[in-house]
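Working through the structure, step by step
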Amino acid sequence: MNNLELFHFHLERAIYVLKFQDKQLVEYWIEHLHLNLDYQYTDSLLTAAVFELSATDTDTCHWILDNFSDCQPYTDLLDNVIRFAIGKLIQQGFILGQDFSFTAEGKILLNENTKIALMADTSVSDNLLLEKVLIIPQQTPSLTI
């Protein structure tokens with residue numbers, strides 16, 4: 001089996017295990033992967049599984065990101081999503097501190113109009129990931145950030 005076939009085989013197994021949405025099972029399985037495979041390979045595998053599930057099984061994808069947000073590959077993934085969002089906002093002319101800012105948890109705080117502009121022309125998978133890092137204040141509808 002070549003490297004690509006092996007990665008695809010492991011990816012299918014990862015998706016199969018993650019779909020059970022059993023935190024203890026997934027933690028055990030990740031520990032098993034780390035013992036038997038390279039950490040970087042395992043992290044790549046887990047990241048690829050989230051991308052695949054974001055397109056095929058959004059419930060499981062949400063469950064993973066909600067339950068394993070402290071897991072290194074998912075922390076890195078969400079950090080990259082935040083960088084992507086900031087880059088897109090700045091490219092569209094939005095200004096940090098005026099149109100968007102950050103929460104103490106590192107999420108992006110923005111108003112509804114800014115979010116609509118950010119989400120335009122993004123894939124369903126990207127929208128799912130962006131939703132995990134965006135916060136729109138509900139208490140003050142006229143808030144200008």
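Structure report, in brief. Given the structure is predicted, the values throughout are model-derived calculations rather than measurements.

Glancing now at unusual backbone geometry. You will see that Q21, though not glycine, has its phi angle at about 50°, which is positive. Judged by its relative accessible area of 33%, Q21 falls in the partly exposed class. Here D121, not a glycine, exhibits a phi torsion of approximately 60°, which is positive. By relative accessible area, D121 is classed as exposed at 82%.

Moving on to the sheet that holds strand β3 (residues 134-135). Taking strand neighbours across the sheet as the criterion, the 3 strands line up as β1-β2-β3 in an open arrangement whose pairing is mixed. Each edge of the open sheet is held by one strand with a lone partner, namely β1 (100-102) and β3. Examined bridge by bridge, strand β2 (residues 108-110) and β3 share 2 bridges and lie parallel to one another. In the strand pairing of β3, I108 is matched with L134. On top of the sheet, helix α6 (residues 112-119) reaches β2 and β3; it is set at about 120° to β2, its chief contact.

Before going further, it helps to spend a moment on the packing of helix α5 (residues 72-91) against helix α7 (residues 124-131). Packing of α5 against α7 brings their axes to within 9 Å, and their N-to-C directions diverge by 100°. Put simply, α5 runs roughly perpendicular to α7. Here α5 contributes L77, L78, V81, F84 and A85 to the contact with α7, which in turn contributes D126, L129 and L130. Considered class by class, the residues forming the contact of α5 with α7 number 7 nonpolar, no polar and 1 charged.

Where helix α2 (residues 23-36) contacts helix α3 (residues 39-56), the two axes come as close as 8 Å, and the packing angle between them is 140°. In terms of their interaxial angle, α2 and α3 are classed as oblique. The handedness of the crossing between α2 and α3 comes out as right-handed. In this structure, α2 uses W29, I30, L33 and H34 to contact α3, whose residues at the interface are Y39, T42, D43, L45 and L46.

Cut-offs used in this document
- Residues numbered from 1 in each chain as written.
- Predicted model: local features only at pLDDT ≥ 70, side-chain atom pairs only at ≥ 80, totals over all residues.
- Heavy atoms only, no water.
- Buried < 20%, exposed > 50% of the residue type's maximum accessible area, 1.4 Å probe, protein only.
- Pairing = 2+ DSSP bridges.
- Helix = DSSP H or I, 4+ residues; strand = E, 2+ residues; numbered from the N terminus.
- Contact = heavy atoms within 4.5 Å.
- Axes fitted to C-alpha atoms, helices over the stretch in contact; angles between N-to-C directions.
- Parallel < 35°, antiparallel > 145°, perpendicular 65-115°, else oblique.
- Nonpolar A, V, L, I, M, F, W, Y, C, P; charged D, E, K, R; others polar.
- Left-handed = near helix turned anticlockwise from the far one by under 90°.

Don't take any of this as a statement about function, it's just geometry.
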